[in-house]
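Fold and contact review
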Amino acid sequence: MPHPHVLLLSYPSQGHINPALHFAKRLVASGVHVTFATSIGGDRCMIKTTTAKALSFATFSDGYDEGFKQGAGRDQYMVELKRRGSETVAQLILGASKTGDPFTFVVYCTLLPWAAKVAREYQLPSVLFWNQPAIVFAVYYYYFNGYGDYIKEKVDDPEFSLKLPGLPSLSRLDLPYFFMPWNNYPFALPLFKEHLDVLDEETDPKVLVNTFDALECETLNSIDKYKLIGIGPLIPSAFLGGKDLSDRSFGGDLFQGSKGCVEWLNLKSESSVIYIAFGSISMLSKPQLGEMARALVDMDSPFLWVVRENEREEDKLSCRDALKELGMVVPWCSQVEVLSHKAIGCFLMHCGWNSTLESLAFGVPVVAFPQWADQFTNTQLIESVCKTGVRLKANEDGVVESEEIKRCLELVMGGGEEGNEIRRNAKRWKALATEASKEGSSSEQNIMAFLNEVRGAQ
């Protein structure tokens, strides 16, 4: 019998592509042929370092094959992604059948619910790979199943508190960005509703989630209607004590990093460096960049700060000379290599889910500065559930002042019982995340059970 052939479809952004590629490698290592597909534009940004014969790459169209035009607007982009993506994914499925190596299963990532409908048209089983935490999926589920009116009515109340079945208590500041009155992405909530509608059409709906049982066991079991299955943390196994050293480069960070970062970190003492990064989408305003720079200078500690090229105009960073003496500012770096380095003592970040999982897996305390999407809810997990970090508080203008940034950094990096407790918790979660990545762990067993389902679909 030939090997199963999985078509794995990812939304074209780094936060989606990275964990999807790590999952692809897990499948390939277990004897499954995987064709990994993202948009033509997303594919151009990827560095394909793997030599695995059972992993191949393909593309589909999002309607912007020459690059996304900002003037089109994100809503229009999602409309075109669905329209053109549905057409070109169908062509992929038909093309694979004609070559004699047909797809036997489809895995589709968050924001691509239309892919399940395409798979159904060609009698292919499919499963959703949810690359955010289970708690975020559950919040969307409950919003559309009985709690939406209450949330919409109370979301402006600073004293708002919400207790959903199987979830920790949530304040107004813990809800996904798309529930807020200032949400400027009207496509988002209908898109998540479409995900749920697609699952409701399945006879045995399952969701593969990039999380692990020790982190979200109760939440994974909170929705009777669907089976949520933890298969994470999806991080290169070599960084978590795995034997496959080639996994260090497989899809780890898909955009070129700086070798000089690690060489610079090698010169620093243990737990002495502040690492600052805000992912591939979030952009800080000029006033916020200035406050950040002043806080770092006042801290007088070494730092590694990722400031993307589109944020690096000369007039945006104040205190430039003082910054150069203390630290290193780079346009990008290999985040897993940096966070796993012994010199890192703190991670000041946006709390995107990949970064959040990496902070837990490498035992790095966090200063959280959420920006949008799921990041506020992820921050709640860090601050209140894992207790491995603190959240920055903005002023009335929405800017976090340098004094507040410095206060939180000193708390996490310095002495004192609260800081010591945060660092102890970070070490404990590192051990739990490492355990979840080992042979025989709950996550590995869940992946093996999924593979048996894939093989049974042949």
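The following refers to the structure shown. This structure is a prediction, so every number in the text was calculated from the model and none was measured. (Residues numbered from 1 in each chain as written. Predicted model: local features only at pLDDT ≥ 70, side-chain atom pairs only at ≥ 80, totals over all residues. Heavy atoms only, no water.)

Section: the state of the cysteines
Selection rule: Whenever a pair of cysteine sulfur atoms sits within 2.5 Å, that pair is classed as a disulfide. The classification of residues rests on relative accessible area computed with a 1.4 Å probe and restricted to protein chains. Under 20% of the type maximum is buried, over 50% is exposed, and intermediate values are partly exposed.
Tallying each qualifying case throughout the model produces zero disulfides. We note that Cys346 lacks a disulfide partner, and the nearest cysteine sulfur, in Cys408, lies 9.2 Å from it. The exposure class of Cys346 is buried, given its relative accessible area of 0%.

Quick notes on the sheet that holds strand β14 (residues 366-368)
Note the cut-off: Between any two strands, at least two bridges found by DSSP are needed for them to pair. Comment: elements are numbered from the N terminus, with helices defined as DSSP H or I runs of at least four residues and strands as E runs of at least two. Each axis is a line fitted through C-alpha atoms, taken for helices only over the stretch in contact, and angles between the N-to-C directions span 0 to 180 degrees. We call two residues contacting when some pair of their heavy atoms lies within 4.5 Å.
Spatial ordering of the open sheet is given by β12-β11-β10-β13-β14-β15, a layout of six strands whose pairing is parallel. Each edge of the open sheet is held by one strand with a lone partner, namely β12 (328-330) and β15 (389-391). If you compare each strand with its neighbour and ignore which way they point, the axes differ by 15 degrees on average. Inspection of the sheet shows strand β10 (residues 273-277) paired to strand β11 (residues 303-306) by three bridges, in the parallel sense. By the bridge assignment, Ile276 is partnered in β11 with Trp305. Each of β14 and β15 is contacted by helix α13 (residues 375-386), which is oriented at about 135 degrees to β15, the strand it contacts most.

Some thoughts on the nonpolar core
As a reminder of what qualifies: Within this scheme, the nonpolar core is defined by two criteria: the residues are buried Ala, Val, Leu, Ile, Met, Phe, Trp, Tyr or Cys, and they are joined through side-chain atoms within 4.5 Å.
Within the largest apolar cluster, 105 residues are counted, with the highest numbers of intra-cluster contacts made by Leu9, Trp130, Phe137, Leu175, Tyr275 and Leu304. At 11 residues, helix α5 (residues 134-154) tops the list of elements feeding residues into this core. Discounting chain neighbours no more than four positions away, the residues touching Tyr275 are Leu304, Val306, Cys333, Gln335, Val338, Leu339, Ile344, Cys346, Phe347 and Leu348. Leu284, Ala295, Leu296 and Cys408 belong to the second-largest nonpolar core, a separate cluster that totals 28 residues.

A look at the pattern of salt bridges
Basically, it comes down to this: Salt bridge, as applied in this entry: a Lys or Arg side-chain nitrogen positioned within 4 Å of an Asp or Glu carboxyl oxygen.
Under the defined criterion, the tally for this structure stands at 20 salt bridges. Close ionic contact of Glu194 with Lys117 constitutes a salt bridge, the shortest N to O distance being 3.2 Å. In this pair, Glu194 sits in helix α6 (residues 188-200) while Lys117 sits in helix α4 (residues 114-121), placing the two residues 77 residues apart along the sequence. Residue Glu194 is classed as buried on the basis of its relative accessible area, which comes to 15%. Residue Glu410 is joined to Lys406 by a salt bridge in which the shortest nitrogen-to-oxygen separation is 4.0 Å. Remark: Lys406 and Glu410 occur in helix α14 (residues 402-413); sequence separation between them is four residues, near one turn of the helix. Judged by relative accessible area, which is 26%, Lys406 ranks as partly exposed.

Looking at the packing of helix α9 (residues 286-299) against α14
Defined as follows: Roughly parallel means an angle under 35 degrees; roughly antiparallel, over 145; roughly perpendicular, 65 to 115; everything else is oblique. Each crossing is labelled by how the near helix is turned from the far one, with a counterclockwise turn of less than a right angle marking it left-handed and a clockwise turn marking it right-handed. Each residue gets one label: Ala, Val, Leu, Ile, Met, Phe, Trp, Tyr, Cys and Pro are nonpolar, Asp, Glu, Lys and Arg are charged, and the others, such as Gly, are polar.
One can describe the packing of α9 onto α14 by two numbers: an axis separation of 8 Å at closest approach and a directional angle of 45 degrees. Here α9 lies oblique to α14, going by the angle between them. In the crossing of α9 with α14, the sense of the turn from one axis to the other is right-handed. On the side of α9, the interface is formed by Gln288, Glu291, Met292, Arg294, Ala295, Leu296, Asp298 and Met299, while α14 contributes Ser402, Ile405, Lys406, Leu409 and Glu410. Here the contact of α9 with α14 is built from residues that sort into six nonpolar, two polar and five charged.

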